[in-house]
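Breakdown of the fold
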Amino acid sequence: MATTSRSSSFQRNLLLSIGGIFLLFAICFCFYQQKREKEYKIDILHSRLQMYNYDIMQVLGEDGITSRRRFLSYVRQHPLKGLRVSVIDKSGRVLLDSNEPHPDSLDNHLGRTEIQKALRDGHGFALKRTSQSTHETYFYSATRFKNVIVRTAVPYSTELTQSLRADNTYIYFSIALTLLLGSVLYISTRRISRHIGYLREFAIKAEKGEPLDNEMERNRPDDELGDISHTIIMLYWKLRHVEEDKARLKRQLTQNAAHELKTPAMSIHGYLESILDNPDMPEDKKTHFLERCYAQSERMNKLLLDMSALTRLDEMDANHFHFREKHQKIDIAQIARSILDDTALALQQKGITPRLTMPQHVIVAGDYSLIYSIFRNLIDNVIAYATGATLVEITTKPADHQNYEFSVSDNGPGVEPQHLEHLFERFYRVDKGRSRKLGGTGLGLAIVKNAVVAHGGTVTALPTPGGGLTVKFTLQAYQVSDVPHPHF
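Residues numbered from 1 in each chain as written. Predicted model: local features only at pLDDT ≥ 70, side-chain atom pairs only at ≥ 80, totals over all residues. Heavy atoms only, no water.

As a packed pair, helix α10 (residues 332-342) and helix α12 (residues 368-385) sit with axes 10 Å apart at the nearest point and diverge in direction by 45 degrees. Between α10 and α12, the crossing angle belongs to the class labelled oblique. For the crossing formed where α10 meets α12, the hand is right-handed. Judged by residue contacts, I332, I335, S338, I339, L340 and D342 of α10 engage Y368, I371, Y372, F375, R376 and I379 from α12. Per-class residue counts for the contact of α10 with α12 are nine nonpolar, one polar and two charged. (Axes fitted to C-alpha atoms, helices over the stretch in contact; angles between N-to-C directions. Helix = DSSP H or I, 4+ residues; strand = E, 2+ residues; numbered from the N terminus. Parallel < 35°, antiparallel > 145°, perpendicular 65-115°, else oblique. Left-handed = near helix turned anticlockwise from the far one by under 90°. Contact = heavy atoms within 4.5 Å. Nonpolar A, V, L, I, M, F, W, Y, C, P; charged D, E, K, R; others polar.)

Regarding helix α3 (residues 113-121), the residues found buried are E114, I115 and A118. The buried residues of α3 all sit within an arc of 100 degrees when viewed along its axis, so they share a single face. (Buried < 20%, exposed > 50% of the residue type's maximum accessible area, 1.4 Å probe, protein only. Arc of directions from axis to C-beta.)

Every buried residue of helix α2 (residues 68-77) is listed here: F71, L72, Y74 and V75. Each buried residue of α2 lies within a common arc of 160 degrees when the element is viewed along its axis, so the set occupies one face. Turned more than 90 degrees off the buried face of α2, the exposed positions are R69, R76 and Q77.

A few words on the side chain of S86. Structurally, S86 is set in strand β1 (residues 84-89). Classification of S86 by relative accessible area gives buried; the value is 1%. Within polar-contact distance, the side chain of S86 engages the side chain of D97 at 2.6 Å. Residues within four places of S86 in sequence aside, it is in contact with F71, L96, D97, I149, V150 and R151. (Polar contact = N/O pair within 3.5 Å; in protein donor to acceptor, adjacent residues only side chain to side chain.)

Before going further, it helps to examine the nonpolar core. Counting 39 residues, the largest nonpolar core has I332, F375, F406 and F473 as its most contacted members. Take this core: its biggest share by element is eight residues, from α12. When residues no more than four places from it in sequence are discounted, the contact partners of F473 are I374, F375, L378, Y404, E405, F406, V452, T458 and V459. Ranked by size, the runner-up nonpolar core spans 21 residues in total, among them L72, V75, L83 and L96. (Core = buried A, V, L, I, M, F, W, Y, C linked by side-chain atoms within 4.5 Å.)

Limitation: the analysis is restricted to geometry and does not speak to function.
In structure tokens:
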């Protein structure tokens, strides 16, 4: 109920603000248009009277305009309803007037508005002024010539008033348009308000930690705002599930780590307890127990180092941009040859022949220690688990114009298909009991995957044709743009 009330309030405020601005604009437009149209009609009437002034001057001339007989004759021959024509000199004295037989009795017109404008600008008019001689209301239009001013006037009759009145059709059109746009605005703000209501309700549920799965199935309008709302909810839903998955993986990691550490810790405890409880124990047996304690401590140390490496990789993945700024120029061929030299004895003892199939120099961009750990963990994985393998091969080829594809493959027994997609999970073991006996921590391939992902690459495990396991992954080729720039 509260969400609906807030949504309605948002719609009302949005409608009033936008609608109020538009209504104010429409009112201002109507006033402006009315004023403009009235001025336009006055200009038309003024222009018509000006034409009459020019015509009478052109026909009669400067001399004839002052002749009463010729002046009245012209006015009678060119009648306009209620027309009054006056000839005034520049001092304001009325020389002739079509309605007044004794113009000398008229007041000086120098102070009249239209006369002042005519003397200043050449022409002028006065709107709706009452004549002092006839006491009628006229519209005056005056034109200045060389020695005189010709002024025409028409009475401000009902007909003239109607003709000068602005046409109100545009007002009705504006009202209709305002109502139409108001309806469209109402529909639009109502639609926006609904989406805001959806998002607010979703935000409240998210804040309270309520289940959000139903939000994914909620029916929303099929429009741009609906798509945006759906995308926001989808992103939050995915982010929440990712966070839940991360929390679950952390719990699993903690449980698995405790379990993996428990075994060597209990073994060390048992051996040391036996030595302390049996002071007369033969030296050879005591030495054997101490060697077993050392082996178990080495296993614990390896497990802690691997967990530390994974923690570092998680931090790099969370701060991927800054990690990329520290990329170095790495020669993969040199790393591969170094690792094969370091593991030559172990490979020889297992009867495995190494083969390196790549150019003399393969340059990628990345972190040296992480890339070293990728290849070292893969070779160690072959040594530890590829029982009966006689060959391990490291190859490379261009994946595209920006990346290399590397593969580490053996011809051992391989892995059953159902295990392939889980090989890179932390502490995942194909044969748990056998793996622990071989001394593995269950984190080697997880480190490989996280290190490859931290470099922006992909990694997959698949069967080697003819038997065995192949791990393929990509790394970005070194380019000039990968050189870090100094920060000032």
